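Report on the structure
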Amino acid sequence: MSFDLFVCRFKDGETAPLDMSAAHEVLDPYVVARDPGTDFLQVRTAEGEEAGVFFSSPDGITFNRFAGAGIMDLLAVLLRRLDAVLVVPGGPAIVQRDEDRDLLPAALRDEWPVVVARTGAEIDRAIRVS
């Protein structure tokens, strides 16, 4: 898929910083290319599935040009580790636990579908049905 997915963290309805060290711990074993100047990583799973990952700010990570169940599984691990939410433009906000809905900004929570998805397969299904 060639659209962007945004990994974000929210606290009291506002964006909150992500633990970028933890994000690198999760992603580094899969990195096949990196550009430190643009904070870009190319990750690849053992199955050969790839994604572009941009560390866009202290409170955002963007996944682009992603494909495959392995990338979705990696995304699920990243979301759990960072206690983060996946925002799909034009689609749902994907949270790990039902109570995480309360952390979202009101506009996101009230105007977009919010889906609980804990695994890569559940995340993939939530994106595809949106």
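Provided above is the structure to which this section pertains.
These numbers were taken from a predicted model, which means no experiment stands behind them. (Residues numbered from 1 in each chain as written. Predicted model: local features only at pLDDT ≥ 70, side-chain atom pairs only at ≥ 80, totals over all residues. Heavy atoms only, no water.)

So, on to helix H2 (residues 69-82). The end-to-end C-alpha distance of H2, which contains 14 residues, comes to 20 Å, matching closely the 20 Å that a straight helix rising 1.5 Å per residue would cover. Phi turns positive, to about 55°, at aspartate 83, one or two residues after H2. (Helix = DSSP H or I, 4+ residues; strand = E, 2+ residues; numbered from the N terminus. Expected span 1.5 Å × (residues − 1).)

Before going further, it helps to spend a moment on the packing of helix H1 (residues 20-27) against H2. Two numbers describe how H1 lies on H2: the axes approach to 10 Å, and their chain directions differ by 155°. Relative to H2, H1 is oriented roughly antiparallel. Crossing of H1 against H2: the hand is right-handed. Contacts between H1 and H2 pair Ala22, Ala23, Glu25, Val26 and Leu27 from the former with Leu74, Val77, Leu78, Arg81 and Leu82 from the latter. Split into classes, the residues belonging to the contact of H1 with H2 amount to eight nonpolar, no polar and two charged. (Axes fitted to C-alpha atoms, helices over the stretch in contact; angles between N-to-C directions. Parallel < 35°, antiparallel > 145°, perpendicular 65-115°, else oblique. Left-handed = near helix turned anticlockwise from the far one by under 90°. Contact = heavy atoms within 4.5 Å. Nonpolar A, V, L, I, M, F, W, Y, C, P; charged D, E, K, R; others polar.)

Once that is clear, we can look at the packing of aromatic side chains. Applying the stated criterion to the full structure yields one aromatic pair. Between phenylalanine 40 and phenylalanine 54, the ring centres sit 4.8 Å apart and the planes meet at 50°, which makes this aromatic pair tilted. Here the residue phenylalanine 40 occupies a position in strand S4 (residues 40-44), and phenylalanine 54 occupies one in strand S5 (residues 50-57), the gap between them amounting to 14 residues. For phenylalanine 40, a relative accessible area of 19% puts it in the buried group. Judged by relative accessible area, phenylalanine 54 falls into the partly exposed class, the value being 34%. (Phe/Tyr/Trp six-rings, centres within 6.5 Å; stacked < 30°, edge-to-face > 60°. Buried < 20%, exposed > 50% of the residue type's maximum accessible area, 1.4 Å probe, protein only.)

Here strand S3 (residues 31-35) runs beside S4; their pairing, made up of four bridges, is antiparallel. Bridge pairing in S4 places aspartate 35 opposite phenylalanine 40. The turn linking S3 back onto S4 is made up of four residues, and aspartate 39 within it adopts a positive phi angle of 55°. (Pairing = 2+ DSSP bridges.)

Quick look at the side chain of threonine 45 now. One can find threonine 45 in the loop between S4 and S5. Side-chain polar atoms of threonine 45 contact the side chain of glutamate 47, separated by 3.0 Å. Apart from residues no more than four positions distant in its own chain, threonine 45 is found in contact with Tyr30, Gly70 and Ile71. (Polar contact = N/O pair within 3.5 Å; in protein donor to acceptor, adjacent residues only side chain to side chain.)

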